[in-house]
Amino acid sequence: MKQLTILLISSLLLAIANTATAEEKPATQPETASVGQQADQLVGSKAKADMTYQQLMEIMGDAYSMIQTGIVRQNQQMVKSGADIILNHPAPNHQPWTIVEVKDQDAFKQSLLDFDKILDEHAGASAAEAAKGNWPGANKAAFDLSSSCIACHSMWKDKVK
Ligand code: HEC
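Owing to the predicted nature of the structure, the values given are computational and were not obtained by experimental measurement.

Student: How should I be thinking about the site of the ligand in this particular structure?
Tutor: Around the ligand, 17 residues are found, and the nearest of them are Gln54, Met57, Cys149, Cys152 and His153. A distance of 2.9 Å separates an oxygen atom of the ligand from a polar side-chain atom of Gln54. Here the ligand occupies the largest pocket. Secondary-structure elements contributing two or more residues to the shell around the ligand are helix H3 (53-73), helix H5 (105-131) and helix H6 (135-156). Among the elements that line the shell around the ligand, the one with the most residues is H3, at 7 residues. Among the residues forming the shell around the ligand, the class breakdown is 12 nonpolar, 3 polar and 2 charged.

Shown next as structure tokens:
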């Protein structure tokens, strides 16, 4: 009887946990969307700029410098301006994945999807901590940000055609 109760309770908890995770999934990305569809969606969700992916990266580099300099100077607006560039960056004038070989394109699409969220998270955290005057916290977030940039570079920079 005791075992049965435990079994019942654990299956109930499992059911609750499943419902909770199901609710966390964003409605815009149905489970059936392939990596390709999601990557198309991501690129389509951004304003289009007249620049290449490489030129976008140059801007990312400047945005990151702005965040770092803003932290050293304790200039909240400077950190925010840099973070906003990363948070609101436009899409390039070509499909970003065309910079790698066809065989690598699906994996690069997955990286674009993963890192887009990660960069936003760290850039946003850096600006939020700077706004509170928490400079060590802002610096920690900026470090996490650059670690993400570097992680993607070590995966992809040598695979550019
Ligand atoms: C999705 C993977 C990815 C992420 C994330 C990423 N990069 Fe890059 N980055 C690349 C690739 C690929 C190149 C090489 C582009 C080329 O040569 O066409 C590049 C190149 C660069 C360059 C050199 C541009 C040039 O003129 O050659 C800079 C600077 C740069 N990235 C900065 C950053 C910064 C700063 C971040 C983080 C805020 C970042 N990147 C995040 C993939 C990424």
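Resuming the write-up.
Student: Just to check I follow, could you spell out the packing of H5 against H6 for this structure?
Tutor: Two packed helices can be described by the angle between their axes and the distance between those axes. Two elements in contact, H5 and H6, have axes whose closest approach is 7 Å; the angle formed by their N-to-C orientations is 165°. Judged by the inter-axis angle, H5 sits roughly antiparallel to H6. As H5 runs across H6, the sense of the crossing is left-handed. Along the lines of polarity and charge, the residues of the contact of H5 with H6 split into 18 nonpolar, 5 polar and 2 charged.

Student: Looking at this structure, I do not really get the packing of aromatic side chains. What am I missing?
Tutor: For any two aromatic rings, the description comes down to two numbers: the centre-to-centre distance and the angle of the planes. Applying the stated criterion across every chain, the model contains 2 aromatic pairs. Pairing Tyr53 with Phe108 gives two aromatic rings, centres 5.9 Å apart and planes at 75°, and the pair type is edge-to-face. In this pair, Tyr53 sits in helix H3 while Phe108 sits in helix H5, placing the two residues 55 residues apart along the sequence. Look at Tyr53 and you get buried, because its relative accessible area is 13%. Note on Phe108 and Trp156: the rings are 5.0 Å apart at their centroids and 70° apart in plane angle, and the pair reads as edge-to-face. Here Trp156 lies in helix H6 and Phe108 lies in helix H5, a separation of 48 residues in the sequence. Take Trp156: its relative accessible area is 7%, and that puts it in the buried class. In this structure an aromatic cluster arises from ring pairing among Tyr53, Phe108 and Trp156. When the ring centre of Trp97 is taken as reference, the NZ or CZ atom of Lys109 above it lies at 4.8 Å. Over the face of the ring belonging to Trp156 we find Lys159, whose NZ or CZ atom lies 5.4 Å from the ring centre.

Student: Would you take a moment to explain the pattern of salt bridges for this structure?
Tutor: Working definition: two side chains of opposite charge can pair if their charged atoms are close together. Under the criterion given, the structure shown has 5 salt bridges. Of the charged contacts, one joins Asp116 and Lys46 as a salt bridge, the two residues approaching to 3.3 Å between their closest N and O atoms. Placement of Asp116 in helix H5 and of Lys46 in the loop between helix H2 (35-44) and H3 is noted, with a sequence separation of 70 residues between them. Overall, the relative accessible area of 18% leaves Lys46 in the buried class. In this structure, Lys140 and Asp144 form a salt bridge, with 2.9 Å as the shortest nitrogen-oxygen distance. Pair noted here: Lys140 and Asp144 are both in helix H6, with a separation of 4 residues, about one helical turn.

Conventions we followed
Residues numbered from 1 in each chain as written. Predicted model: local features only at pLDDT ≥ 70, side-chain atom pairs only at ≥ 80, totals over all residues. Heavy atoms only, no water. Near = heavy atom within 4 Å. Polar contact = N/O pair within 3.5 Å; in protein donor to acceptor, adjacent residues only side chain to side chain. 1 Å grid on protein atoms, 1.4 Å probe; cavity = no way out; pocket = protein on both sides within 12 Å on 5 of 7 lines; lining within 4 Å. Sits in = over half its atoms within 2 Å of the grid points. Helix = DSSP H or I, 4+ residues; strand = E, 2+ residues; numbered from the N terminus. Nonpolar A, V, L, I, M, F, W, Y, C, P; charged D, E, K, R; others polar. Axes fitted to C-alpha atoms, helices over the stretch in contact; angles between N-to-C directions. Parallel < 35°, antiparallel > 145°, perpendicular 65-115°, else oblique. Left-handed = near helix turned anticlockwise from the far one by under 90°. Phe/Tyr/Trp six-rings, centres within 6.5 Å; stacked < 30°, edge-to-face > 60°. Buried < 20%, exposed > 50% of the residue type's maximum accessible area, 1.4 Å probe, protein only. Lys NZ or Arg CZ within 6 Å of the ring centre and 35° of its normal. Salt bridge = Lys/Arg side-chain N within 4 Å of Asp/Glu carboxyl O.

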